[in-house]
Amino acid sequence: MSSKLDPMDLYDVRSELSEDEVMVKDTVGRYVDDKVIPLMQEAFEQHEFPRHLIGEVAELGLLGSSIEGYDCAGLNSVSYGLICQELERGDSGLRSFVSVQSSLVMFPIHAYGSEEQKQRWLPAMARGEAIGCFGLTEPHGGSDPSNMKTHAKRDGDDWILNGAKMWITNATIADAAVVWAKTDEGVKGFIVEKDMPGFDTQEIENKFSLRASVTGALFFDNVRIPEANVLPGVSSLKGPLSCLTQARYGITWGVIGAAQACLQEVLGYTQDRILFQKPLANTQTIQIRMAEMSRKITAAQLLSLRLGRIKDGGNLSPTQVSMAKWNNCRAALDIARDARDILGGAGISAEYAPIRHMLNLESVITYEGTETVHQLVVGKELTGANAF
Ligand code: TGC
Ligand code: FAD
(Lines give C-alpha, C1' and ligand atoms only; values in the text may rest on other atoms or scores of the structure.)
(Ligands and ions follow the chains in the order given, each with its own letter.)
Protein backbone atom coordinates (compact mmCIF):
# COMPACT_ATOMS: atom_id res chain seq x y z
CA MET A 1 0.00 0.00 0.00
CA SER A 2 1.50 3.34 -0.92
CA SER A 3 0.22 6.25 1.06
CA LYS A 4 -0.01 9.86 -0.08
CA LEU A 5 -0.61 11.14 3.43
CA ASP A 6 2.13 13.15 5.13
CA PRO A 7 3.37 10.92 7.98
CA MET A 8 3.94 14.04 10.10
CA ASP A 9 0.44 15.40 9.40
CA LEU A 10 -1.95 12.52 8.84
CA TYR A 11 -5.09 14.66 9.15
CA ASP A 12 -3.74 17.40 6.87
CA VAL A 13 -3.79 20.10 9.51
CA ARG A 14 -1.77 22.13 7.02
CA SER A 15 -4.88 22.58 4.88
CA GLU A 16 -6.58 24.28 7.84
CA LEU A 17 -3.87 26.96 7.98
CA SER A 18 -4.06 30.35 6.27
CA GLU A 19 -1.47 31.28 3.65
CA ASP A 20 0.33 33.44 6.20
CA GLU A 21 0.40 30.62 8.74
CA VAL A 22 1.80 28.19 6.17
CA MET A 23 4.48 30.72 5.31
CA VAL A 24 5.46 31.11 8.98
CA LYS A 25 5.62 27.33 9.45
CA ASP A 26 7.69 26.74 6.31
CA THR A 27 10.08 29.63 6.93
CA VAL A 28 10.81 28.58 10.51
CA GLY A 29 10.89 24.92 9.48
CA ARG A 30 13.58 25.57 6.86
CA TYR A 31 15.58 27.63 9.33
CA VAL A 32 15.44 24.82 11.88
CA ASP A 33 16.47 22.20 9.33
CA ASP A 34 19.38 24.30 8.03
CA LYS A 35 20.70 26.13 11.08
CA VAL A 36 19.40 24.51 14.25
CA ILE A 37 19.27 20.73 13.92
CA PRO A 38 22.88 20.43 12.70
CA LEU A 39 24.26 21.98 15.88
CA MET A 40 21.92 20.77 18.61
CA GLN A 41 23.57 17.44 19.37
CA GLU A 42 26.83 19.17 20.17
CA ALA A 43 25.19 22.01 22.08
CA PHE A 44 23.37 19.44 24.21
CA GLU A 45 26.55 17.46 24.83
CA GLN A 46 28.51 20.64 25.66
CA HIS A 47 25.72 21.80 28.03
CA GLU A 48 25.66 25.11 26.19
CA PHE A 49 22.95 27.34 24.76
CA PRO A 50 24.10 28.44 21.27
CA ARG A 51 23.74 32.17 21.87
CA HIS A 52 24.32 33.18 18.27
CA LEU A 53 20.83 31.76 17.54
CA ILE A 54 19.31 34.69 19.42
CA GLY A 55 20.19 37.13 16.64
CA GLU A 56 18.91 34.69 14.02
CA VAL A 57 15.51 34.12 15.63
CA ALA A 58 15.22 37.86 16.23
CA GLU A 59 15.98 38.49 12.57
CA LEU A 60 13.15 36.10 11.64
CA GLY A 61 10.74 38.08 13.86
CA LEU A 62 10.20 35.21 16.30
CA LEU A 63 10.66 37.20 19.53
CA GLY A 64 7.42 38.69 20.87
CA SER A 65 5.83 37.65 17.58
CA SER A 66 2.25 38.01 18.91
CA ILE A 67 2.70 41.64 19.96
CA GLU A 68 1.38 44.42 17.73
CA GLY A 69 3.73 47.39 17.41
CA TYR A 70 7.03 47.99 19.23
CA ASP A 71 8.93 46.44 16.27
CA CYS A 72 7.17 43.08 16.85
CA ALA A 73 5.63 40.94 14.11
CA GLY A 74 1.99 41.04 15.28
CA LEU A 75 1.27 37.44 14.24
CA ASN A 76 -1.76 35.49 15.40
CA SER A 77 -1.71 32.75 18.06
CA VAL A 78 -1.71 29.86 15.58
CA SER A 79 1.42 31.32 13.98
CA TYR A 80 3.06 31.59 17.40
CA GLY A 81 2.17 27.95 17.99
CA LEU A 82 3.68 26.91 14.66
CA ILE A 83 6.87 28.81 15.52
CA CYS A 84 7.10 26.88 18.79
CA GLN A 85 6.42 23.58 17.01
CA GLU A 86 9.14 24.10 14.42
CA LEU A 87 11.71 25.37 16.94
CA GLU A 88 11.11 22.44 19.29
CA ARG A 89 11.49 20.02 16.39
CA GLY A 90 15.05 21.29 16.68
CA ASP A 91 15.37 21.36 20.44
CA SER A 92 13.23 22.24 23.46
CA GLY A 93 16.02 24.53 24.67
CA LEU A 94 15.67 26.94 21.77
CA ARG A 95 11.87 26.89 22.03
CA SER A 96 12.25 27.59 25.78
CA PHE A 97 14.35 30.65 25.04
CA VAL A 98 11.70 31.98 22.66
CA SER A 99 8.82 31.09 25.03
CA VAL A 100 10.40 32.89 27.94
CA GLN A 101 11.39 35.97 25.99
CA SER A 102 8.02 36.21 24.21
CA SER A 103 5.37 34.88 26.59
CA LEU A 104 6.90 35.40 30.01
CA VAL A 105 8.84 38.63 29.63
CA MET A 106 7.57 40.63 26.65
CA PHE A 107 3.92 39.61 27.25
CA PRO A 108 3.72 40.97 30.84
CA ILE A 109 5.58 44.16 29.90
CA HIS A 110 3.14 44.64 27.03
CA ALA A 111 0.03 43.64 29.03
CA TYR A 112 0.82 45.28 32.39
CA GLY A 113 3.72 47.68 31.77
CA SER A 114 3.76 51.48 31.47
CA GLU A 115 4.26 53.07 28.05
CA GLU A 116 7.77 54.01 29.11
CA GLN A 117 8.57 50.37 30.05
CA LYS A 118 7.17 49.14 26.73
CA GLN A 119 9.20 51.64 24.71
CA ARG A 120 12.34 50.86 26.64
CA TRP A 121 12.20 47.07 26.57
CA LEU A 122 9.97 45.68 23.82
CA PRO A 123 11.82 46.82 20.67
CA ALA A 124 15.20 45.86 22.21
CA MET A 125 13.83 42.47 23.21
CA ALA A 126 12.29 41.90 19.77
CA ARG A 127 15.73 42.55 18.24
CA GLY A 128 17.35 40.15 20.73
CA GLU A 129 19.53 42.97 22.05
CA ALA A 130 17.98 42.70 25.51
CA ILE A 131 17.31 39.28 27.00
CA GLY A 132 14.73 38.59 29.69
CA CYS A 133 13.94 35.97 32.27
CA PHE A 134 10.86 35.31 34.41
CA GLY A 135 11.13 34.67 38.12
CA LEU A 136 8.14 33.00 39.72
CA THR A 137 9.33 29.63 41.07
CA GLU A 138 11.01 29.58 44.47
CA PRO A 139 13.25 26.93 46.00
CA HIS A 140 10.62 25.71 48.50
CA GLY A 141 8.01 24.71 45.88
CA GLY A 142 7.04 25.91 42.45
CA SER A 143 3.60 24.35 42.10
CA ASP A 144 2.15 26.68 44.72
CA PRO A 145 3.27 30.21 43.83
CA SER A 146 0.70 31.68 46.25
CA ASN A 147 3.14 30.61 48.98
CA MET A 148 5.93 32.85 47.62
CA LYS A 149 8.40 34.25 50.13
CA THR A 150 10.06 36.83 47.89
CA HIS A 151 8.71 40.17 49.01
CA ALA A 152 9.10 43.89 48.40
CA LYS A 153 8.44 46.87 50.66
CA ARG A 154 8.00 50.50 49.73
CA ASP A 155 10.87 52.78 50.75
CA GLY A 156 10.15 56.37 49.70
CA ASP A 157 9.75 56.33 45.92
CA ASP A 158 11.52 52.97 45.64
CA TRP A 159 10.91 49.37 46.62
CA ILE A 160 13.29 47.06 48.49
CA LEU A 161 13.23 43.49 47.16
CA ASN A 162 14.37 40.40 49.08
CA GLY A 163 14.16 36.68 48.33
CA ALA A 164 15.24 34.05 45.82
CA LYS A 165 13.94 32.34 42.68
CA MET A 166 14.96 28.92 41.44
CA TRP A 167 15.00 27.05 38.11
CA ILE A 168 14.89 30.20 36.02
CA THR A 169 15.44 29.90 32.26
CA ASN A 170 17.93 32.50 30.93
CA ALA A 171 18.81 33.53 34.52
CA THR A 172 22.50 34.25 33.98
CA ILE A 173 22.23 35.74 30.48
CA ALA A 174 19.30 38.06 31.13
CA ASP A 175 19.56 41.84 31.02
CA ALA A 176 16.25 42.12 32.85
CA ALA A 177 14.29 39.74 35.08
CA VAL A 178 10.54 40.06 35.49
CA VAL A 179 10.29 39.03 39.14
CA TRP A 180 7.05 38.42 41.00
CA ALA A 181 7.01 39.35 44.68
CA LYS A 182 4.53 39.73 47.52
CA THR A 183 3.87 43.27 48.69
CA ASP A 184 1.37 44.90 51.07
CA GLU A 185 -0.54 45.81 47.90
CA GLY A 186 -0.68 42.28 46.45
CA VAL A 187 1.63 40.31 44.12
CA LYS A 188 3.54 42.72 41.89
CA GLY A 189 5.90 42.34 38.94
CA PHE A 190 9.32 44.04 39.17
CA ILE A 191 11.72 44.60 36.28
CA VAL A 192 15.04 43.85 37.94
CA GLU A 193 18.04 44.94 35.87
CA LYS A 194 21.18 42.87 35.84
CA ASP A 195 23.47 45.53 37.34
CA MET A 196 21.24 46.53 40.25
CA PRO A 197 23.22 46.23 43.51
CA GLY A 198 22.15 43.23 45.60
CA PHE A 199 20.94 41.24 42.58
CA ASP A 200 22.89 38.07 41.85
CA THR A 201 22.43 34.99 39.67
CA GLN A 202 23.90 31.52 39.63
CA GLU A 203 23.80 28.93 36.87
CA ILE A 204 22.48 25.45 37.66
CA GLU A 205 25.09 22.97 36.42
CA ASN A 206 24.92 19.24 35.73
CA LYS A 207 21.43 19.13 34.24
CA PHE A 208 20.53 15.98 32.34
CA SER A 209 17.68 17.80 30.62
CA LEU A 210 17.49 21.02 28.59
CA ARG A 211 21.25 21.04 28.43
CA ALA A 212 21.16 23.46 25.49
CA SER A 213 19.33 26.02 27.63
CA VAL A 214 20.53 28.25 30.46
CA THR A 215 18.85 27.60 33.81
CA GLY A 216 19.75 29.33 37.06
CA ALA A 217 18.80 30.90 40.36
CA LEU A 218 18.10 34.58 41.16
CA PHE A 219 18.99 36.15 44.52
CA PHE A 220 17.74 39.49 45.83
CA ASP A 221 19.45 41.02 48.84
CA ASN A 222 17.87 44.40 49.57
CA VAL A 223 17.70 45.27 45.88
CA ARG A 224 16.47 48.86 45.46
CA ILE A 225 13.94 49.04 42.63
CA PRO A 226 12.60 52.38 41.38
CA GLU A 227 8.83 52.69 40.98
CA ALA A 228 9.47 53.12 37.24
CA ASN A 229 10.48 49.43 37.16
CA VAL A 230 7.25 48.13 38.73
CA LEU A 231 4.57 46.85 36.35
CA PRO A 232 1.64 49.16 37.13
CA GLY A 233 -1.11 47.09 35.54
CA VAL A 234 -1.48 44.15 37.93
CA SER A 235 -1.37 43.46 41.68
CA SER A 236 -2.35 39.84 42.12
CA LEU A 237 -1.31 36.29 41.28
CA LYS A 238 -3.40 36.64 38.15
CA GLY A 239 -0.46 38.61 36.70
CA PRO A 240 2.10 35.78 36.60
CA LEU A 241 -0.56 33.11 36.03
CA SER A 242 -1.82 34.91 32.92
CA CYS A 243 1.75 34.85 31.55
CA LEU A 244 1.84 31.10 32.17
CA THR A 245 -1.30 30.69 30.07
CA GLN A 246 0.51 32.29 27.11
CA ALA A 247 3.63 30.16 27.50
CA ARG A 248 1.73 26.93 28.17
CA TYR A 249 -0.26 27.48 25.00
CA GLY A 250 2.98 27.67 23.00
CA ILE A 251 4.31 24.56 24.71
CA THR A 252 1.27 22.54 23.59
CA TRP A 253 2.51 23.13 20.02
CA GLY A 254 6.20 22.93 20.80
CA VAL A 255 6.15 19.37 22.06
CA ILE A 256 4.44 18.24 18.86
CA GLY A 257 7.63 19.23 17.06
CA ALA A 258 9.77 17.18 19.44
CA ALA A 259 7.45 14.20 18.95
CA GLN A 260 7.57 14.57 15.15
CA ALA A 261 11.38 14.56 15.24
CA CYS A 262 11.27 11.26 17.16
CA LEU A 263 8.76 9.63 14.80
CA GLN A 264 10.76 10.81 11.79
CA GLU A 265 13.87 9.21 13.21
CA VAL A 266 12.31 5.78 13.82
CA LEU A 267 10.45 5.75 10.49
CA GLY A 268 13.81 5.98 8.73
CA TYR A 269 15.74 3.74 11.08
CA THR A 270 13.29 0.85 11.01
CA GLN A 271 13.30 0.76 7.19
CA ASP A 272 17.05 0.20 7.16
CA ARG A 273 17.39 -2.07 10.17
CA ILE A 274 17.21 -5.68 8.96
CA LEU A 275 16.48 -8.23 11.67
CA PHE A 276 15.31 -11.80 11.11
CA GLN A 277 15.70 -11.23 7.32
CA LYS A 278 13.28 -8.29 7.11
CA PRO A 279 13.18 -4.59 7.86
CA LEU A 280 12.14 -3.84 11.40
CA ALA A 281 9.44 -1.59 9.94
CA ASN A 282 7.72 -4.68 8.49
CA THR A 283 6.99 -6.25 11.87
CA GLN A 284 3.57 -5.91 13.47
CA THR A 285 4.63 -4.62 16.86
CA ILE A 286 6.93 -1.94 15.45
CA GLN A 287 4.17 -0.77 13.11
CA ILE A 288 1.70 -0.67 15.99
CA ARG A 289 4.13 1.37 18.07
CA MET A 290 4.72 3.87 15.25
CA ALA A 291 0.99 4.01 14.50
CA GLU A 292 0.47 4.85 18.19
CA MET A 293 2.97 7.70 17.82
CA SER A 294 1.12 8.99 14.80
CA ARG A 295 -2.22 8.74 16.62
CA LYS A 296 -0.90 10.75 19.56
CA ILE A 297 0.71 13.38 17.31
CA THR A 298 -2.49 13.75 15.28
CA ALA A 299 -4.63 14.18 18.40
CA ALA A 300 -2.17 16.73 19.77
CA GLN A 301 -2.14 18.68 16.48
CA LEU A 302 -5.93 18.90 16.41
CA LEU A 303 -6.07 19.94 20.06
CA SER A 304 -3.52 22.72 19.60
CA LEU A 305 -5.02 23.99 16.37
CA ARG A 306 -8.46 24.19 17.97
CA LEU A 307 -6.93 25.86 21.04
CA GLY A 308 -5.18 28.39 18.81
CA ARG A 309 -8.40 29.22 17.00
CA ILE A 310 -10.19 29.66 20.34
CA LYS A 311 -7.34 31.89 21.55
CA ASP A 312 -7.43 33.99 18.40
CA GLY A 313 -11.20 34.27 18.92
CA GLY A 314 -10.46 35.81 22.33
CA ASN A 315 -12.30 33.24 24.39
CA LEU A 316 -9.60 31.01 25.82
CA SER A 317 -10.02 29.39 29.23
CA PRO A 318 -6.87 28.45 31.23
CA THR A 319 -8.49 25.04 31.80
CA GLN A 320 -8.46 24.37 28.06
CA VAL A 321 -4.76 25.20 28.01
CA SER A 322 -4.14 22.88 30.96
CA MET A 323 -5.85 20.00 29.16
CA ALA A 324 -3.66 20.46 26.07
CA LYS A 325 -0.44 21.04 28.02
CA TRP A 326 -1.09 17.81 29.93
CA ASN A 327 -2.16 15.76 26.89
CA ASN A 328 0.53 16.96 24.49
CA CYS A 329 3.47 16.80 26.91
CA ARG A 330 2.47 13.32 28.02
CA ALA A 331 2.09 12.20 24.40
CA ALA A 332 5.45 13.65 23.35
CA LEU A 333 7.32 12.19 26.31
CA ASP A 334 5.79 8.73 25.73
CA ILE A 335 6.67 8.94 22.03
CA ALA A 336 10.26 10.00 22.75
CA ARG A 337 10.75 7.20 25.28
CA ASP A 338 9.33 4.61 22.87
CA ALA A 339 11.38 5.93 19.95
CA ARG A 340 14.49 5.64 22.12
CA ASP A 341 13.64 1.99 22.73
CA ILE A 342 12.92 1.21 19.06
CA LEU A 343 16.45 2.37 18.24
CA GLY A 344 17.82 -0.30 20.56
CA GLY A 345 21.36 0.38 21.78
CA ALA A 346 21.72 3.21 19.26
CA GLY A 347 18.89 4.91 21.11
CA ILE A 348 21.15 5.83 23.99
CA SER A 349 23.46 7.80 21.69
CA ALA A 350 22.98 11.53 21.22
CA GLU A 351 23.70 10.91 17.53
CA TYR A 352 20.03 10.03 17.33
CA ALA A 353 17.54 12.71 18.37
CA PRO A 354 15.08 10.76 20.57
CA ILE A 355 17.15 10.53 23.76
CA ARG A 356 17.86 14.27 23.64
CA HIS A 357 14.17 15.03 23.12
CA MET A 358 13.21 12.49 25.78
CA LEU A 359 15.50 14.10 28.35
CA ASN A 360 14.32 17.58 27.41
CA LEU A 361 10.68 16.58 27.69
CA GLU A 362 11.24 15.51 31.29
CA SER A 363 11.64 19.24 31.98
CA VAL A 364 8.84 20.31 29.68
CA ILE A 365 6.33 18.03 31.39
CA THR A 366 7.44 19.53 34.74
CA TYR A 367 7.78 23.24 34.05
CA GLU A 368 4.89 25.56 33.35
CA GLY A 369 2.83 23.44 35.74
CA THR A 370 3.51 19.77 36.34
CA GLU A 371 1.26 17.11 34.85
CA THR A 372 -0.46 16.78 38.24
CA VAL A 373 -1.14 20.52 38.42
CA HIS A 374 -2.86 20.45 35.02
CA GLN A 375 -4.85 17.33 35.87
CA LEU A 376 -6.08 19.03 39.05
CA VAL A 377 -7.00 22.20 37.12
CA VAL A 378 -9.20 20.06 34.84
CA GLY A 379 -10.54 18.16 37.86
CA LYS A 380 -11.49 21.44 39.53
CA GLU A 381 -13.28 22.59 36.39
CA LEU A 382 -15.30 19.36 36.22
CA THR A 383 -16.21 19.05 39.90
CA GLY A 384 -16.06 22.60 41.20
CA ALA A 385 -13.91 21.28 44.08
CA ASN A 386 -10.37 22.61 44.61
CA ALA A 387 -8.20 19.54 45.33
CA PHE A 388 -4.86 21.40 45.50
P1 TGC B 1 -6.17 30.60 41.93
O2 TGC B 1 -6.92 31.06 43.16
O3 TGC B 1 -6.71 29.46 41.15
O4 TGC B 1 -6.00 31.85 40.95
C5 TGC B 1 -5.56 33.12 41.38
C6 TGC B 1 -6.05 34.13 40.34
O7 TGC B 1 -5.41 33.86 39.08
C8 TGC B 1 -6.38 33.46 38.09
N9 TGC B 1 -5.78 32.35 37.35
C10 TGC B 1 -5.32 32.46 36.10
N11 TGC B 1 -5.33 33.48 35.24
C12 TGC B 1 -4.77 33.27 34.02
N13 TGC B 1 -4.21 32.10 33.65
C14 TGC B 1 -4.17 31.06 34.52
N15 TGC B 1 -3.59 29.91 34.14
C16 TGC B 1 -4.75 31.20 35.79
N17 TGC B 1 -4.89 30.38 36.86
C18 TGC B 1 -5.52 31.10 37.79
C19 TGC B 1 -7.61 33.06 38.85
O20 TGC B 1 -8.77 33.25 38.10
C21 TGC B 1 -7.54 34.01 40.04
O22 TGC B 1 -7.99 35.28 39.61
P23 TGC B 1 -8.81 36.25 40.61
O24 TGC B 1 -9.18 37.42 39.77
O25 TGC B 1 -9.97 35.43 41.08
O26 TGC B 1 -7.86 36.58 41.72
O27 TGC B 1 -4.66 30.36 42.36
P28 TGC B 1 -4.01 29.19 43.20
O29 TGC B 1 -3.00 29.81 44.08
O30 TGC B 1 -5.07 28.32 43.82
O31 TGC B 1 -3.20 28.40 42.07
C32 TGC B 1 -3.73 27.56 41.17
C33 TGC B 1 -2.62 26.77 40.43
C34 TGC B 1 -2.10 25.63 41.29
C35 TGC B 1 -3.27 26.23 39.17
C36 TGC B 1 -1.44 27.70 40.08
O37 TGC B 1 -0.78 28.11 41.21
C38 TGC B 1 -0.45 27.06 39.15
O39 TGC B 1 -0.63 27.13 37.94
N40 TGC B 1 0.67 26.46 39.67
C41 TGC B 1 1.77 25.97 38.84
C42 TGC B 1 2.86 27.02 38.79
C43 TGC B 1 3.60 27.02 37.49
O44 TGC B 1 3.16 26.56 36.48
N45 TGC B 1 4.76 27.64 37.49
C46 TGC B 1 5.51 27.84 36.27
C47 TGC B 1 6.66 28.78 36.48
S48 TGC B 1 7.29 29.50 35.00
C49 TGC B 1 8.02 28.25 34.18
O50 TGC B 1 7.97 27.12 34.51
C51 TGC B 1 8.74 28.65 32.96
S52 TGC B 1 9.45 27.39 32.07
C53 TGC B 1 9.94 28.33 30.81
C54 TGC B 1 10.51 27.65 29.65
O55 TGC B 1 11.77 27.45 29.68
O56 TGC B 1 9.79 27.41 28.65
P1 FAD C 1 7.08 20.94 43.38
O2 FAD C 1 6.07 22.03 43.30
O3 FAD C 1 7.83 20.81 44.64
O4 FAD C 1 6.37 19.57 43.03
C5 FAD C 1 6.95 18.30 43.36
C6 FAD C 1 5.97 17.18 42.98
O7 FAD C 1 4.78 17.32 43.74
C8 FAD C 1 5.54 17.23 41.51
O9 FAD C 1 5.47 15.92 41.01
C10 FAD C 1 4.14 17.83 41.57
O11 FAD C 1 3.31 17.44 40.49
C12 FAD C 1 3.65 17.24 42.88
N13 FAD C 1 2.55 18.02 43.47
C14 FAD C 1 2.49 19.35 43.68
N15 FAD C 1 1.32 19.69 44.23
C16 FAD C 1 0.59 18.55 44.37
C17 FAD C 1 -0.72 18.24 44.87
N18 FAD C 1 -1.52 19.19 45.35
N19 FAD C 1 -1.11 16.94 44.85
C20 FAD C 1 -0.30 15.97 44.38
N21 FAD C 1 0.95 16.20 43.88
C22 FAD C 1 1.38 17.48 43.88
N23 FAD C 1 10.15 28.63 36.81
C24 FAD C 1 10.10 29.99 36.61
O25 FAD C 1 9.49 30.72 37.39
N26 FAD C 1 10.71 30.53 35.53
C27 FAD C 1 11.41 29.81 34.62
O28 FAD C 1 11.94 30.35 33.65
C29 FAD C 1 11.50 28.39 34.83
N30 FAD C 1 12.23 27.63 33.98
C31 FAD C 1 12.43 26.29 34.27
C32 FAD C 1 13.32 25.55 33.51
C33 FAD C 1 13.57 24.21 33.83
C34 FAD C 1 14.56 23.43 33.04
C35 FAD C 1 12.87 23.61 34.90
C36 FAD C 1 13.10 22.16 35.25
C37 FAD C 1 12.00 24.34 35.65
C38 FAD C 1 11.77 25.70 35.36
N39 FAD C 1 10.93 26.49 36.16
C40 FAD C 1 10.84 27.84 35.96
C41 FAD C 1 10.35 25.93 37.37
C42 FAD C 1 9.13 25.05 37.13
O43 FAD C 1 8.02 25.82 36.81
C44 FAD C 1 8.90 24.23 38.40
O45 FAD C 1 9.93 23.26 38.45
C46 FAD C 1 7.53 23.57 38.42
O47 FAD C 1 6.52 24.53 38.51
C48 FAD C 1 7.39 22.58 39.60
O49 FAD C 1 7.81 23.17 40.79
P50 FAD C 1 8.87 22.40 41.72
O51 FAD C 1 10.01 22.00 40.86
O52 FAD C 1 9.17 23.26 42.88
O53 FAD C 1 8.13 21.08 42.17
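Use the structure listed above.
These numbers come from a predicted model, not from an experiment. (Residues numbered from 1 in each chain as written. Chains lettered and ligands numbered in written order. Predicted model: local features only at pLDDT ≥ 70, side-chain atom pairs only at ≥ 80, totals over all residues. Heavy atoms only, no water.)

## A closer look at the pattern of salt bridges
With the rule as written, the count across this model stands at 24 salt bridges. The residue Arg154 makes a salt bridge to Glu185 at a minimum N-O spacing of 2.8 Å. Residue Arg154 is located in strand 4 (residues 151-155), and its partner Glu185 is located in the loop between strand 6 (176-183) and strand 7 (186-193); the two are separated by 31 residues in the primary sequence. Bridged by salt links that share partners, the residues Lys25, Asp33, Glu86 and Arg89 form one connected network. (Salt bridge = Lys/Arg side-chain N within 4 Å of Asp/Glu carboxyl O. Helix = DSSP H or I, 4+ residues; strand = E, 2+ residues; numbered from the N terminus.)

## What to know about the site of ligand 1
What surrounds ligand 1 is a group of 27 residues, the closest being Ser143, Thr245, Arg248, Glu368 and Gly369. Contacts to ligand 1 include Ser143, whose backbone N or O atom sits 2.9 Å from a nitrogen atom. The separation between an oxygen atom of ligand 1 and a polar main-chain atom of Glu368 is 2.9 Å. Protein contacts shield 74% of the accessible area of ligand 1, which totals 1,100 Å² for the unbound molecule. Looking at the shell around ligand 1, the elements with two or more residues in it are helix 4 (92-112), helix 6 (238-272) and helix 10 (371-383). Among the elements that make up the shell around ligand 1, the one with the highest residue count is helix 6 (six residues). Counted by class, the shell around ligand 1 contains twelve nonpolar, ten polar and five charged residues. (Near = heavy atom within 4 Å. Polar contact = N/O pair within 3.5 Å; in protein donor to acceptor, adjacent residues only side chain to side chain. Areas by Shrake-Rupley, 256 points an atom, 1.4 Å probe, with all protein chains shown as cover. Nonpolar A, V, L, I, M, F, W, Y, C, P; charged D, E, K, R; others polar.)

## Considerations on helix 10
For an α-helix the count is 3.6 residues per turn, leaving residues at separations of three or four pointing the same way. Taking 1.5 Å of rise per residue, the 13 residues of helix 10 would be expected to cover 18 Å, and the 18 Å separating its terminal C-alpha atoms lies within 8% of that figure. Within the sequence span of helix 10, burial applies to Glu371, Val373, His374 and Val378. Packed against the buried residues of helix 10 are helix 6 and helix 8 (318-342). Note on helix 10: the residue one or two positions beyond its end, Gly384, has a positive phi of about 80°. (Expected span 1.5 Å × (residues − 1). Buried < 20%, exposed > 50% of the residue type's maximum accessible area, 1.4 Å probe, protein only. Contact = heavy atoms within 4.5 Å.)

## Topic: the packing of helix 6 against helix 8
Between helix 6 and helix 8, the shortest axis-to-axis distance is 8 Å and the interhelical angle comes to 20°. By the angle class used here, helix 6 and helix 8 are roughly parallel. By crossing handedness, the relation of helix 6 to helix 8 is classed as left-handed. Across the interface between the two elements, Thr245, Arg248, Tyr249, Ile251, Thr252, Val255, Ile256, Ala259, Cys262, Val266, Tyr269 and Thr270 of helix 6 pack against Pro318, Val321, Ala324, Lys325, Asn328, Cys329, Ala332, Ile335, Ala336, Ala339 and Ile342 of helix 8. Classifying every residue of the contact of helix 6 with helix 8 gives 17 nonpolar, four polar and two charged. (Axes fitted to C-alpha atoms, helices over the stretch in contact; angles between N-to-C directions. Parallel < 35°, antiparallel > 145°, perpendicular 65-115°, else oblique. Left-handed = near helix turned anticlockwise from the far one by under 90°.)

## Some points on the nonpolar core
By size, the foremost hydrophobic cluster in this structure holds 29 residues, and its most contacted members are Val255, Leu263, Val266, Met293 and Leu361. Of all the secondary structure elements, the ones that give two or more residues to this core are helix 6, helix 7 (284-312), helix 8 and helix 9 (353-364). Per element, the largest residue contribution to this core is nine residues, and it comes from helix 6. Setting aside anything within four residues of it in sequence, one finds Val255 in contact with Glu88, Asn328, Cys329, Ala332, Leu361 and Val364. Core analysis: the next-biggest nonpolar cluster, separate from the first, contains 28 residues, Ala130, Leu136, Met148 and Val187 among them. (Core = buried A, V, L, I, M, F, W, Y, C linked by side-chain atoms within 4.5 Å.)

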